[in-house]
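Read off the chains here:
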Amino acid sequence: MQKRIFIVCSMLFAFVQLSWAQSYVVSGIEKTDKEGMQYEVLGKIGNHYWIYKKNGTVSTIAQYNEQMQLVKQNDLTFLPAQVQQIEFFKRDQQLFAFYQFQNNKTVYAALATLNADGQLKSEPVVLDTAQNIRPGSRAKIFNLIESDDHQKIMLFSVNTSNPASIKLKTSSYNGNFEEIADATISINSNNKKSTLSDFALANNGNLFCLRNTTQNNAAPAVSLIYLSEGGREVIESAVLNTQFLLDDIRLKIDNANNRVLLNSFYAITKKGNIEGLFTYIWDANTKTSILSSANRFTDANRALLTTKRNLKTALDSYYIDKVNTQSNGDFIVMAESAETYSNRSAFSRWDYFWGGPFYNPFIFNYWYRPFGFYPWTRFGWAGLGAWDLGWGWGGLGWGPWGWGGMGGFWNPFASFGYPTVTYNAKQIALMSYDSKGNLQWVKTIDKSQSDMNVDQFIGYGSFENNNGVNIIYYQKQKGQRQFIVNTLTSEGVLSKGESINLLEKRFDWMPKALKQVGEKECIIPYQYNSKIGFAKIQLK
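Residues numbered from 1 in each chain as written. Predicted model: local features only at pLDDT ≥ 70, side-chain atom pairs only at ≥ 80, totals over all residues. Heavy atoms only, no water.

Visitor: Sorry if this is basic, but what is going on with the environment of Asp254 here?
Guide: Looking at the element boundaries, Asp254 is found in strand 18 (residues 245-254). According to the relative accessible area criterion, Asp254 is buried, its value standing at 0%. (Helix = DSSP H or I, 4+ residues; strand = E, 2+ residues; numbered from the N terminus. Buried < 20%, exposed > 50% of the residue type's maximum accessible area, 1.4 Å probe, protein only.)

Written out as C-alpha cells, the structure is:
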C-alpha cells in the first residue's frame, strides 16, 4: 500500500514538474513536403496551429493539434497557378488571404476569406488592379500593411515611372477588410530621383514612410512623409543631418504617445567607426519634429558591447533589429553583432553598401522585415523584384515567405567561384533611451554562433507577452543542444530563464523564423534532410 502511494506521489510530482517546465514538441515532416518548400506560420485559430505551405504550384493550409500532429490539410485551389505574392491576416476564427497575380499585362490584388475549417467563406474579391505591366515581370505591385492593434489595414502601390513625381495610391480598410477611404497623391522631388521606403501604419490609420532623394557626392537626402487617412493631409519633414553618415534608418510608430521614432547608427567620416545612435522624433499632435540628436557612446558603453581591446570598433558589427516603445515615451533598441568572413577576403560594415558608407535606399529598401536584419541580406535577391518596374509600377520588396520561409541561402561571393563564407552572429545588445533620446543603460546577451555558407540557422527570435520581451536562440556546446531563453521585463530587468534541452541531434533549427502563436507559445521551424518541420515551444 505504501509502495503504491509512493508511486502515485512520484507520478504526480513528475506531472507537476513537467507542467511548470519550459518544453517543446516536434511535428513530423509530411511526405508531400518537398525540398525548397515555402511556408509561413500563421498562428492559432480555434484549437489548431495553422501553417501555410507551398510545394511547387500547390498551396496548402496545414492544421496541427496541441501535440503538433497534423490533423487536416486544405489545398487552396482558388489560387492561380502563378501567385506573385500572398500574405495572411488572422482574425479570431477566420483568416484573410491577400494575394496578387498577373494575367497578360494586368496585375490583380485579390482577397479571400477562410473560415475556421480552412474553407472559403465566399468567392475571392478583386481589391485593385494595375495595367500595362510587362508580361512575365513578376513585379510586386501591391503592398499591404496593418497597424499594431490590427484594427487598420492599408493597401498601397507606388508608381515610379516619373522619378521626379512619385505617385502613391492607397486604400484604407478596418480590421475586417471593410474599405474606409482611398487616395492618390503625387510626391514631387524637383527633378531628382527619389524612392519611398519603410512604410508603417499608425493605429489611427495615418501612413508614414521615408523618402530618399539622391544627391551628387553626398548621402541621399532623407525625409519623413506623413499621409493622413484618406490623403487629406500630406506633410514632409527633413530628417538627415548632413553632419552624420546614417546607416539603415529604422522607422517605428509610438502609438501610445502619438509619435514617430527614427533611429540609426551613425559615423562621422566615410568608412569610419560607428560613433553612436542618431534619433529623430516626430510628434503627430503638432505635426513637427521635436527631437533630432546624436547620442555618442562612451568607452564605458562600448566596453559592455565587445570583448575586443579596441573600443573604437565596438559597434562596427552591430545592426539594429527592432525598436520597442514604452508607455512613458522611453524606447529600447535591440541590435545584434553580425559579421561575415571569407577564405579570400573579409567584409567590413561599409562593404555592404556597394561602394559607400551612406544610407542607401536603392540597395536595402524593403519595408517588411519579418526575420530581423543581417548585413549580408543587402545583397542579392532580397532587393530583387523591388526595382523590376515593368511599365512603370514598382514594388517594395519581398513578402513574408521566401525559400524555406527564411529568405534562403545567398552567397555574396558566389560570382568569384564559391569560396567558403563564414557567417557569425554574436552578442545581442539592449539599449534603453528615455523620451529625449538619452541613453539610460546598456545590457547584452552573450552568445556566439557561426555557420558555413548559410545563415538560416544562426541568430535569434523574440516575442512579447506579460513577462516582457522573450529572446530565444539555439546553442550547441560540447554535444549539448539547447534553446536559451532570456527575458527583458518592462522595468529593464534582464534574466536568463530555464534552458530547453533538445534531444534531436540532426535537426538544424531556425530561430530567426520564430513566430508567436500564444501568450507563452511560439513555433520554430527546423530542417532535417533538407526538408522543413516545426516545433512548438511552451514557456513558463
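Visitor: Mind showing me how you'd approach the sheet that holds strand 3 (residues 48-55) here?
Guide: Consider a sheet: its strands pair through backbone hydrogen bonds, and that pairing is either parallel or antiparallel. The four strands are arranged 2-3-4-5 in an open sheet whose pairing can be described as antiparallel. Looking along the sheet, the strands with just one partner apiece sit at the ends: strand 2 (38-45) and strand 5 (70-75). Within this sheet the neighbouring strands show an average axis-to-axis angle of 20 degrees, counted without direction. Bridge count between strand 3 and strand 4 (residues 58-64): seven bridges; the pairing is antiparallel. Directly across from Tyr49, in strand 4, lies its bridge partner Tyr64. (Pairing = 2+ DSSP bridges. Axes fitted to C-alpha atoms, helices over the stretch in contact; angles between N-to-C directions.)

Visitor: Looking at this structure, how should I read the pairing of strand 25 (residues 421-433)?
Guide: Where a strand is regular, its side chains alternate between the two sheet faces. Within strand 25, 11 of the 13 residues are buried, leaving the element largely enclosed by the surrounding structure. As defined by bridge partners, strand 23 (residues 331-342) adjoins strand 25 across 11 bridges and the pair is classed as antiparallel. Looking across to strand 25, one finds that Met334 is bridged to Leu430. As paired elements, strand 25 and strand 27 (residues 449-452) share four bridges and run antiparallel to each other. Within the sheet, the bridge partner assigned to Thr422 lies in strand 27 and is Met452. Looking at chain direction, strand 25 and strand 26 (residues 439-445) are connected through six bridges and run antiparallel. Looking at strand 26, one finds that Tyr433 is bridged to Leu439. Counting the residues that bridge the hairpin from strand 25 to strand 26 gives five residues, and of these Gly437 lies at a positive phi of roughly 80 degrees.

Visitor: How should the side chain of Asp330 be read in this particular structure?
Guide: When you line up the elements, Asp330 lands in the loop between strand 22 (318-325) and strand 23. The side chain of Asp330 is buried and forms no salt bridge, while Arg259, the nearest opposite charge, is found at 6.8 Å. Each residue touching Asp330, except ones within four places of it in the same chain, is listed here: Asn324, Thr325, Tyr433, Asp434, Ser435 and Gln440. (Lys, Arg positive; Asp, Glu negative; His and termini not counted. Salt bridge = Lys/Arg side-chain N within 4 Å of Asp/Glu carboxyl O. Contact = heavy atoms within 4.5 Å.)

Visitor: Where do I start with the environment of Asp446 in this structure?
Guide: For Asp446, the location among the structural elements is in the loop between strand 26 and strand 27. As for Asp446 and Thr306, which are separated by 140 residues in sequence, their C-alpha atoms are 9.7 Å apart. Beyond its immediate sequence surroundings of up to four residues, Asp446 is in contact with Gln427 and Tyr473.

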